[in-house]
Amino acid sequence: MEHFFPDYWSTLYLGLILSITLAQMLVVYDLSAASAPPKGLGMFTVYALATMLGWMLFTLHQGIESPLGIGVPSVAWVINGYLLFIAAGQRAGLTRGRASLGVMCVLGSLGALFLDDRQLFALCAVISGLCFAASGVIFARRGTQQHNVGDAIMCVATVLMVAGNLIGLYQLFFRSNYSDAQLVSFGAYSWAYVLVVVGFLASVLVEYQQHLSHLATIDPLTQLLNRRGLETSLQISLARASRQDLYTSAIAIDIDHFKNINDSFGHETGDNVIRIVAGIIAKTCRGTDVVARIGGEEFLLVMPDTGLEFARRVAERLREAIGEHPLWVDRQRIPITLSLGVAGSRGEVNLDQLQQEADRAMYLAKRNGRNRVAWIDKNPIHLSNGGG
(Lines give C-alpha, C1' and ligand atoms only; values in the text may rest on other atoms or scores of the structure.)
Protein backbone atom coordinates (compact mmCIF):
# COMPACT_ATOMS: atom_id res chain seq x y z
CA MET A 1 0.00 0.00 0.00
CA GLU A 2 1.33 3.38 -0.92
CA HIS A 3 2.15 5.68 1.96
CA PHE A 4 -0.21 8.60 1.50
CA PHE A 5 -0.21 9.48 5.22
CA PRO A 6 2.75 10.50 7.34
CA ASP A 7 3.18 8.42 10.47
CA TYR A 8 2.14 11.14 12.87
CA TRP A 9 -1.10 11.79 10.94
CA SER A 10 -1.92 8.10 11.09
CA THR A 11 -1.37 8.16 14.84
CA LEU A 12 -3.53 11.26 15.23
CA TYR A 13 -6.32 9.68 13.20
CA LEU A 14 -6.16 6.53 15.27
CA GLY A 15 -6.36 8.63 18.43
CA LEU A 16 -9.37 10.51 17.06
CA ILE A 17 -11.20 7.33 16.11
CA LEU A 18 -10.31 5.75 19.45
CA SER A 19 -11.62 8.79 21.35
CA ILE A 20 -14.88 8.87 19.40
CA THR A 21 -15.38 5.13 19.82
CA LEU A 22 -14.68 5.25 23.55
CA ALA A 23 -17.14 8.13 23.96
CA GLN A 24 -19.74 6.10 22.13
CA MET A 25 -18.99 3.06 24.28
CA LEU A 26 -19.62 5.08 27.44
CA VAL A 27 -23.02 6.14 26.12
CA VAL A 28 -23.75 2.59 24.95
CA TYR A 29 -22.86 1.22 28.37
CA ASP A 30 -25.29 3.61 30.00
CA LEU A 31 -28.05 2.87 27.46
CA SER A 32 -27.62 -0.88 27.76
CA ALA A 33 -28.60 -0.64 31.43
CA ALA A 34 -31.96 0.90 30.50
CA SER A 35 -35.12 -1.19 30.79
CA ALA A 36 -35.70 -0.84 27.04
CA PRO A 37 -32.36 -0.35 25.21
CA PRO A 38 -32.59 1.32 21.78
CA LYS A 39 -33.03 -0.97 18.78
CA GLY A 40 -29.80 -1.79 17.00
CA LEU A 41 -27.65 -0.84 19.97
CA GLY A 42 -25.68 -4.08 19.86
CA MET A 43 -24.93 -3.98 16.12
CA PHE A 44 -23.93 -0.32 16.19
CA THR A 45 -21.52 -1.23 18.99
CA VAL A 46 -20.05 -4.03 16.87
CA TYR A 47 -19.77 -1.62 13.93
CA ALA A 48 -17.89 0.94 16.05
CA LEU A 49 -15.50 -1.67 17.44
CA ALA A 50 -14.86 -3.16 14.00
CA THR A 51 -14.13 0.29 12.61
CA MET A 52 -11.68 1.01 15.40
CA LEU A 53 -9.97 -2.33 14.71
CA GLY A 54 -9.77 -1.43 11.02
CA TRP A 55 -8.11 1.89 11.83
CA MET A 56 -5.61 0.13 14.07
CA LEU A 57 -4.68 -2.23 11.23
CA PHE A 58 -4.42 0.69 8.85
CA THR A 59 -2.13 2.62 11.20
CA LEU A 60 0.06 -0.41 11.74
CA HIS A 61 0.40 -0.83 7.98
CA GLN A 62 1.44 2.79 7.66
CA GLY A 63 4.44 2.11 9.90
CA ILE A 64 5.58 -1.11 8.22
CA GLU A 65 8.49 -0.71 5.84
CA SER A 66 7.26 -3.57 3.62
CA PRO A 67 3.52 -3.19 3.88
CA LEU A 68 1.23 -6.05 3.01
CA GLY A 69 -0.76 -3.93 0.57
CA ILE A 70 -4.20 -2.50 0.86
CA GLY A 71 -5.78 -5.95 1.27
CA VAL A 72 -6.56 -5.89 4.99
CA PRO A 73 -7.90 -2.28 5.14
CA SER A 74 -10.03 -2.90 2.02
CA VAL A 75 -11.53 -6.05 3.47
CA ALA A 76 -12.21 -4.22 6.75
CA TRP A 77 -13.83 -1.48 4.68
CA VAL A 78 -16.26 -4.01 3.18
CA ILE A 79 -16.99 -5.72 6.49
CA ASN A 80 -17.73 -2.41 8.20
CA GLY A 81 -20.09 -1.41 5.41
CA TYR A 82 -21.98 -4.66 5.83
CA LEU A 83 -22.09 -4.29 9.61
CA LEU A 84 -23.56 -0.82 9.22
CA PHE A 85 -26.22 -2.22 6.88
CA ILE A 86 -27.16 -4.89 9.44
CA ALA A 87 -27.24 -2.28 12.23
CA ALA A 88 -29.47 0.01 10.16
CA GLY A 89 -31.81 -2.86 9.36
CA GLN A 90 -31.96 -3.99 12.97
CA ARG A 91 -32.79 -0.48 14.09
CA ALA A 92 -35.57 -0.22 11.49
CA GLY A 93 -36.80 -3.78 12.00
CA LEU A 94 -35.81 -4.89 8.47
CA THR A 95 -33.95 -8.04 7.44
CA ARG A 96 -34.35 -7.94 3.67
CA GLY A 97 -31.13 -7.98 1.66
CA ARG A 98 -28.85 -9.37 4.34
CA ALA A 99 -28.14 -12.64 2.54
CA SER A 100 -27.39 -11.16 -0.89
CA LEU A 101 -25.14 -8.42 0.46
CA GLY A 102 -23.51 -10.91 2.80
CA VAL A 103 -22.56 -13.17 -0.12
CA MET A 104 -21.15 -10.19 -2.00
CA CYS A 105 -19.07 -9.16 1.01
CA VAL A 106 -17.68 -12.68 1.42
CA LEU A 107 -16.70 -12.79 -2.27
CA GLY A 108 -15.10 -9.35 -1.96
CA SER A 109 -13.12 -10.44 1.09
CA LEU A 110 -11.90 -13.56 -0.71
CA GLY A 111 -10.66 -11.28 -3.48
CA ALA A 112 -7.76 -10.32 -1.19
CA LEU A 113 -6.28 -13.75 -1.93
CA PHE A 114 -5.99 -13.45 -5.71
CA LEU A 115 -6.47 -9.81 -6.78
CA ASP A 116 -3.81 -7.14 -6.90
CA ASP A 117 -4.11 -3.98 -4.83
CA ARG A 118 -5.86 -1.86 -7.45
CA GLN A 119 -8.35 -4.55 -8.43
CA LEU A 120 -9.15 -5.32 -4.81
CA PHE A 121 -9.57 -1.63 -4.04
CA ALA A 122 -12.03 -1.25 -6.93
CA LEU A 123 -14.01 -4.35 -5.96
CA CYS A 124 -14.23 -3.35 -2.31
CA ALA A 125 -15.22 0.21 -3.24
CA VAL A 126 -18.16 -1.12 -5.28
CA ILE A 127 -19.32 -3.62 -2.64
CA SER A 128 -18.96 -1.25 0.30
CA GLY A 129 -20.67 1.46 -1.75
CA LEU A 130 -23.67 -0.84 -2.23
CA CYS A 131 -23.76 -1.56 1.51
CA PHE A 132 -23.61 2.13 2.37
CA ALA A 133 -26.24 2.98 -0.25
CA ALA A 134 -28.60 0.32 1.13
CA SER A 135 -27.98 1.63 4.66
CA GLY A 136 -28.71 5.16 3.47
CA VAL A 137 -32.08 4.09 2.07
CA ILE A 138 -32.99 2.52 5.41
CA PHE A 139 -31.86 5.59 7.36
CA ALA A 140 -33.79 7.91 5.03
CA ARG A 141 -36.95 5.84 5.34
CA ARG A 142 -36.76 5.56 9.09
CA GLY A 143 -35.85 9.22 9.54
CA THR A 144 -38.88 10.25 7.49
CA GLN A 145 -41.26 7.92 9.29
CA GLN A 146 -39.99 8.67 12.79
CA HIS A 147 -39.14 12.36 12.20
CA ASN A 148 -35.70 11.62 13.59
CA VAL A 149 -32.85 13.98 12.68
CA GLY A 150 -30.27 11.43 13.86
CA ASP A 151 -31.25 9.03 11.08
CA ALA A 152 -30.99 11.93 8.64
CA ILE A 153 -27.41 12.56 9.80
CA MET A 154 -26.54 8.89 9.27
CA CYS A 155 -28.13 9.05 5.83
CA VAL A 156 -25.85 11.99 4.99
CA ALA A 157 -22.90 9.89 6.19
CA THR A 158 -23.78 7.10 3.75
CA VAL A 159 -24.18 9.59 0.90
CA LEU A 160 -20.72 10.96 1.72
CA MET A 161 -19.24 7.47 1.69
CA VAL A 162 -20.86 6.55 -1.63
CA ALA A 163 -19.68 9.82 -3.17
CA GLY A 164 -16.16 9.19 -1.85
CA ASN A 165 -16.17 5.72 -3.40
CA LEU A 166 -17.32 7.05 -6.77
CA ILE A 167 -14.67 9.77 -6.77
CA GLY A 168 -12.05 7.21 -5.73
CA LEU A 169 -13.04 4.91 -8.60
CA TYR A 170 -12.91 7.86 -10.97
CA GLN A 171 -9.38 8.69 -9.80
CA LEU A 172 -8.36 5.05 -10.18
CA PHE A 173 -9.79 4.28 -13.64
CA PHE A 174 -9.84 7.62 -15.45
CA ARG A 175 -6.78 9.31 -14.00
CA SER A 176 -4.79 6.24 -13.00
CA ASN A 177 -4.05 7.91 -9.69
CA TYR A 178 -4.17 5.13 -7.14
CA SER A 179 -2.81 7.26 -4.29
CA ASP A 180 -5.50 9.94 -4.70
CA ALA A 181 -8.16 7.24 -4.97
CA GLN A 182 -7.10 5.89 -1.58
CA LEU A 183 -6.87 9.37 -0.10
CA VAL A 184 -10.41 10.33 -1.18
CA SER A 185 -11.92 7.07 0.03
CA PHE A 186 -10.00 7.31 3.30
CA GLY A 187 -11.19 10.87 3.93
CA ALA A 188 -14.80 10.06 3.04
CA TYR A 189 -14.81 7.03 5.30
CA SER A 190 -13.29 9.05 8.17
CA TRP A 191 -16.00 11.68 8.03
CA ALA A 192 -18.72 9.11 7.41
CA TYR A 193 -17.75 7.21 10.56
CA VAL A 194 -17.82 10.37 12.66
CA LEU A 195 -21.24 11.29 11.24
CA VAL A 196 -22.58 7.79 11.86
CA VAL A 197 -21.54 7.93 15.53
CA VAL A 198 -22.96 11.44 15.96
CA GLY A 199 -26.12 10.47 14.07
CA PHE A 200 -26.69 7.33 16.11
CA LEU A 201 -26.31 9.18 19.40
CA ALA A 202 -28.59 11.97 18.13
CA SER A 203 -31.14 9.39 16.98
CA VAL A 204 -31.18 7.76 20.40
CA LEU A 205 -31.59 11.14 22.13
CA VAL A 206 -34.49 12.07 19.83
CA GLU A 207 -36.14 8.72 20.56
CA TYR A 208 -35.84 9.26 24.28
CA GLN A 209 -37.25 12.75 23.94
CA GLN A 210 -40.19 11.39 21.93
CA HIS A 211 -40.67 8.66 24.52
CA LEU A 212 -40.76 11.18 27.37
CA SER A 213 -43.22 13.30 25.41
CA HIS A 214 -45.34 10.22 24.88
CA LEU A 215 -45.31 9.42 28.60
CA ALA A 216 -46.32 13.00 29.38
CA THR A 217 -49.42 12.90 27.16
CA ILE A 218 -50.57 9.25 27.21
CA ASP A 219 -52.41 7.37 29.94
CA PRO A 220 -50.39 4.17 30.49
CA LEU A 221 -53.36 1.97 31.45
CA THR A 222 -55.62 2.70 28.46
CA GLN A 223 -53.15 4.22 25.96
CA LEU A 224 -55.62 7.06 25.54
CA LEU A 225 -54.58 10.68 25.93
CA ASN A 226 -54.39 12.22 29.36
CA ARG A 227 -55.57 15.76 30.14
CA ARG A 228 -52.35 17.33 28.86
CA GLY A 229 -52.48 15.30 25.68
CA LEU A 230 -56.12 16.27 25.19
CA GLU A 231 -55.34 19.97 25.36
CA THR A 232 -52.38 19.62 22.99
CA SER A 233 -54.40 17.62 20.44
CA LEU A 234 -57.29 20.08 20.45
CA GLN A 235 -55.32 23.28 19.91
CA ILE A 236 -55.76 23.32 16.13
CA SER A 237 -59.38 22.11 16.19
CA LEU A 238 -60.50 24.65 18.77
CA ALA A 239 -58.70 27.47 16.95
CA ARG A 240 -60.49 26.45 13.74
CA ALA A 241 -63.85 26.37 15.56
CA SER A 242 -63.22 29.89 16.82
CA ARG A 243 -62.27 31.24 13.37
CA GLN A 244 -65.13 29.58 11.49
CA ASP A 245 -67.79 29.75 14.22
CA LEU A 246 -68.20 25.96 14.36
CA TYR A 247 -69.93 23.79 16.93
CA THR A 248 -67.88 21.75 19.38
CA SER A 249 -69.45 19.11 21.62
CA ALA A 250 -68.11 17.17 24.59
CA ILE A 251 -69.24 13.98 26.29
CA ALA A 252 -68.27 13.39 29.92
CA ILE A 253 -68.26 9.66 30.68
CA ASP A 254 -68.20 7.98 34.10
CA ILE A 255 -68.34 4.26 34.92
CA ASP A 256 -71.21 3.51 37.29
CA HIS A 257 -70.51 1.81 40.63
CA PHE A 258 -66.80 1.57 39.85
CA LYS A 259 -65.76 1.82 43.50
CA ASN A 260 -67.96 -1.18 44.31
CA ILE A 261 -66.29 -3.17 41.52
CA ASN A 262 -62.86 -2.31 42.88
CA ASP A 263 -63.82 -3.15 46.45
CA SER A 264 -65.57 -6.40 45.55
CA PHE A 265 -63.28 -7.85 42.88
CA GLY A 266 -59.97 -6.04 43.31
CA HIS A 267 -58.05 -3.37 41.46
CA GLU A 268 -56.98 -5.72 38.67
CA THR A 269 -60.63 -6.29 37.75
CA GLY A 270 -61.21 -2.55 37.99
CA ASP A 271 -58.34 -1.94 35.58
CA ASN A 272 -59.84 -4.47 33.15
CA VAL A 273 -63.16 -2.61 33.29
CA ILE A 274 -61.40 0.68 32.50
CA ARG A 275 -59.56 -0.92 29.55
CA ILE A 276 -62.79 -2.40 28.18
CA VAL A 277 -64.58 0.95 28.37
CA ALA A 278 -61.61 2.79 26.85
CA GLY A 279 -61.44 0.33 23.95
CA ILE A 280 -65.14 0.67 23.13
CA ILE A 281 -64.97 4.46 23.31
CA ALA A 282 -61.93 4.51 21.01
CA LYS A 283 -63.71 2.26 18.47
CA THR A 284 -66.83 4.41 18.54
CA CYS A 285 -64.97 7.68 17.94
CA ARG A 286 -64.42 9.22 14.56
CA GLY A 287 -60.96 10.11 13.33
CA THR A 288 -61.50 13.78 14.17
CA ASP A 289 -62.73 13.13 17.71
CA VAL A 290 -60.37 13.30 20.68
CA VAL A 291 -60.87 11.09 23.73
CA ALA A 292 -58.91 11.18 26.99
CA ARG A 293 -58.94 9.52 30.37
CA ILE A 294 -59.10 12.44 32.79
CA GLY A 295 -59.64 10.64 36.07
CA GLY A 296 -59.82 7.24 37.70
CA GLU A 297 -62.99 6.06 35.92
CA GLU A 298 -63.75 9.28 34.02
CA PHE A 299 -63.29 9.98 30.32
CA LEU A 300 -63.87 13.01 28.15
CA LEU A 301 -64.74 12.79 24.47
CA VAL A 302 -64.44 16.06 22.54
CA MET A 303 -66.05 16.20 19.09
CA PRO A 304 -64.96 19.14 16.91
CA ASP A 305 -67.34 20.46 14.26
CA THR A 306 -70.19 18.47 15.83
CA GLY A 307 -73.59 19.62 16.94
CA LEU A 308 -75.25 18.68 20.22
CA GLU A 309 -77.83 16.32 18.69
CA PHE A 310 -75.25 14.19 16.91
CA ALA A 311 -73.10 14.07 20.06
CA ARG A 312 -76.15 12.95 22.06
CA ARG A 313 -76.73 10.07 19.63
CA VAL A 314 -73.09 9.05 19.95
CA ALA A 315 -73.44 9.06 23.74
CA GLU A 316 -76.49 6.80 23.50
CA ARG A 317 -74.60 4.39 21.25
CA LEU A 318 -71.74 4.32 23.75
CA ARG A 319 -74.09 3.59 26.64
CA GLU A 320 -75.73 0.75 24.73
CA ALA A 321 -72.40 -0.70 23.50
CA ILE A 322 -70.96 -0.79 27.01
CA GLY A 323 -74.09 -2.46 28.34
CA GLU A 324 -73.61 -5.26 25.81
CA HIS A 325 -70.11 -6.07 27.12
CA PRO A 326 -70.32 -7.28 30.73
CA LEU A 327 -67.20 -8.52 32.47
CA TRP A 328 -66.98 -12.11 33.69
CA VAL A 329 -64.95 -12.91 36.80
CA ASP A 330 -64.95 -16.44 38.23
CA ARG A 331 -68.11 -17.20 36.22
CA GLN A 332 -69.80 -14.21 37.76
CA ARG A 333 -71.29 -11.62 35.44
CA ILE A 334 -70.37 -8.04 36.26
CA PRO A 335 -72.58 -5.55 34.40
CA ILE A 336 -70.89 -2.38 33.22
CA THR A 337 -72.94 0.76 32.73
CA LEU A 338 -72.12 4.39 32.07
CA SER A 339 -73.50 7.76 33.00
CA LEU A 340 -72.86 10.29 30.25
CA GLY A 341 -73.23 14.05 30.05
CA VAL A 342 -73.27 15.99 26.78
CA ALA A 343 -72.62 19.69 26.31
CA GLY A 344 -71.87 21.89 23.33
CA SER A 345 -70.57 25.28 22.39
CA ARG A 346 -70.27 27.36 19.25
CA GLY A 347 -67.39 29.52 18.11
CA GLU A 348 -64.68 30.22 20.66
CA VAL A 349 -64.49 27.31 23.10
CA ASN A 350 -63.20 27.33 26.64
CA LEU A 351 -62.31 23.67 27.16
CA ASP A 352 -62.51 23.87 30.96
CA GLN A 353 -65.97 25.44 30.81
CA LEU A 354 -67.16 22.94 28.22
CA GLN A 355 -65.96 20.07 30.41
CA GLN A 356 -67.67 21.54 33.46
CA GLU A 357 -70.98 21.71 31.59
CA ALA A 358 -70.61 18.13 30.39
CA ASP A 359 -69.74 17.05 33.95
CA ARG A 360 -72.81 18.84 35.25
CA ALA A 361 -74.98 16.91 32.84
CA MET A 362 -73.23 13.65 33.71
CA TYR A 363 -73.81 14.14 37.45
CA LEU A 364 -77.48 14.76 36.70
CA ALA A 365 -77.59 11.42 34.89
CA LYS A 366 -76.09 9.75 37.97
CA ARG A 367 -78.55 11.39 40.34
CA ASN A 368 -81.45 10.16 38.23
CA GLY A 369 -80.55 6.49 38.37
CA ARG A 370 -77.31 6.09 36.35
CA ASN A 371 -76.99 4.29 33.02
CA ARG A 372 -78.37 7.41 31.33
CA VAL A 373 -77.44 10.25 29.04
CA ALA A 374 -78.12 13.85 30.04
CA TRP A 375 -77.29 16.91 27.97
CA ILE A 376 -77.12 20.65 28.28
CA ASP A 377 -78.32 22.96 25.55
CA LYS A 378 -77.28 26.33 26.95
CA ASN A 379 -79.32 26.56 30.16
CA PRO A 380 -81.96 23.79 29.82
CA ILE A 381 -80.90 20.32 30.96
CA HIS A 382 -82.35 17.23 29.26
CA LEU A 383 -82.35 13.63 30.45
CA SER A 384 -82.79 10.40 28.52
CA ASN A 385 -84.19 7.24 30.03
CA GLY A 386 -81.59 4.56 30.32
CA GLY A 387 -81.82 0.87 30.72
CA GLY A 388 -81.16 0.79 34.40
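Now for a quick tour of the structure. Note that the structure is predicted; figures quoted are calculated from it, not measured. (Residues numbered from 1 in each chain as written. Predicted model: local features only at pLDDT ≥ 70, side-chain atom pairs only at ≥ 80, totals over all residues. Heavy atoms only, no water.)

Re unusual backbone geometry
Part 1 of the argument: For serine 176, which is not glycine, the phi torsion reads 50 degrees and is therefore positive.
Part 2 of the argument: Along the chain, serine 176 falls in the loop between helix H6 (149-173) and helix H7 (178-217).
Part 3 of the argument: Phi is positive for arginine 370, close to 65 degrees, though the residue is something other than glycine.
Part 4 of the argument: In this structure arginine 370 comes out as partly exposed when scored by relative accessible area, which is 30%. (Helix = DSSP H or I, 4+ residues; strand = E, 2+ residues; numbered from the N terminus. Buried < 20%, exposed > 50% of the residue type's maximum accessible area, 1.4 Å probe, protein only.)

Structural notes on the pairing of strand E6 (residues 338-346)
Part 1 of the argument: Buried residues dominate E6, accounting for 7 of its 9 residues.
Part 2 of the argument: Taken together, the 9 bridges between strand E1 (residues 247-255) and E6 define a ladder with antiparallel strand orientation. By the bridge assignment for E6, aspartate 254 is matched with serine 339. (Pairing = 2+ DSSP bridges.)

Thoughts on helix H8 (residues 227-244)
Part 1 of the argument: Between its terminal C-alpha atoms H8 stretches 25 Å, which fits the 26 Å expected from 18 residues at 1.5 Å a residue.
Part 2 of the argument: Along H8, the helix axis deviates most sharply at glutamine 235, where the bend reaches about 45 degrees.
Part 3 of the argument: Gly229, Leu230, Leu234, Leu238 and Ala241 are the residues of H8 that are buried.
Part 4 of the argument: Those residues of H8 that are buried are in contact with H7, E1, strand E2 (290-293), strand E3 (298-304) and helix H12 (351-367). (Expected span 1.5 Å × (residues − 1). Bend = angle between axes of the 7 residues up to and from the residue. Contact = heavy atoms within 4.5 Å.)

Topic: the side chain of arginine 142
Part 1 of the argument: Looking at where arginine 142 falls in the secondary structure, it is placed in helix H5 (residues 117-146).
Part 2 of the argument: On the basis of relative accessibility, which here comes to 8%, the residue arginine 142 falls in the buried class.
Part 3 of the argument: Residues within four places of arginine 142 in sequence aside, it is in contact with Arg91, Ala92, His147, Asn148, Asp151, Ser203 and Glu207.

Let's talk about the pattern of salt bridges
Think of it this way: side chains of opposite charge can pair up when their charged atoms draw near.
Part 1 of the argument: Considering all chains together, one arrives at 14 salt bridges under this definition.
Part 2 of the argument: In this structure, arginine 227 engages glutamate 231 in a salt bridge whose closest nitrogen and oxygen atoms are separated by 3.0 Å. On the criterion of helical spacing, the pair formed by arginine 227 and glutamate 231 is a turn pair, its members being 4 residues apart in helix H8.
Part 3 of the argument: With a relative accessible area of 38%, glutamate 231 lands in the partly exposed category.
Part 4 of the argument: Its salt-bridge partner being lysine 366, residue aspartate 254 comes within 2.7 Å of it at the nearest N-O pair. Taken as a pair, aspartate 254 in strand E1 and lysine 366 in helix H12 lie far apart in primary sequence, 112 residues in all.
Part 5 of the argument: Linked through salt bridges whose partners overlap, the residues forming this network are Arg91, Arg142, Asp151 and Glu207. (Salt bridge = Lys/Arg side-chain N within 4 Å of Asp/Glu carboxyl O.)

Things to note about H5
Part 1 of the argument: Along its 30 residues, H5 runs 42 Å from first to last C-alpha, staying within 8% of the 44 Å computed at 1.5 Å per residue.
Part 2 of the argument: Measuring from the side-chain oxygen of the N-cap residue of H5 to the backbone nitrogen of arginine 118 gives 3.2 Å; that N-cap residue is aspartate 116. (Polar contact = N/O pair within 3.5 Å; in protein donor to acceptor, adjacent residues only side chain to side chain.)

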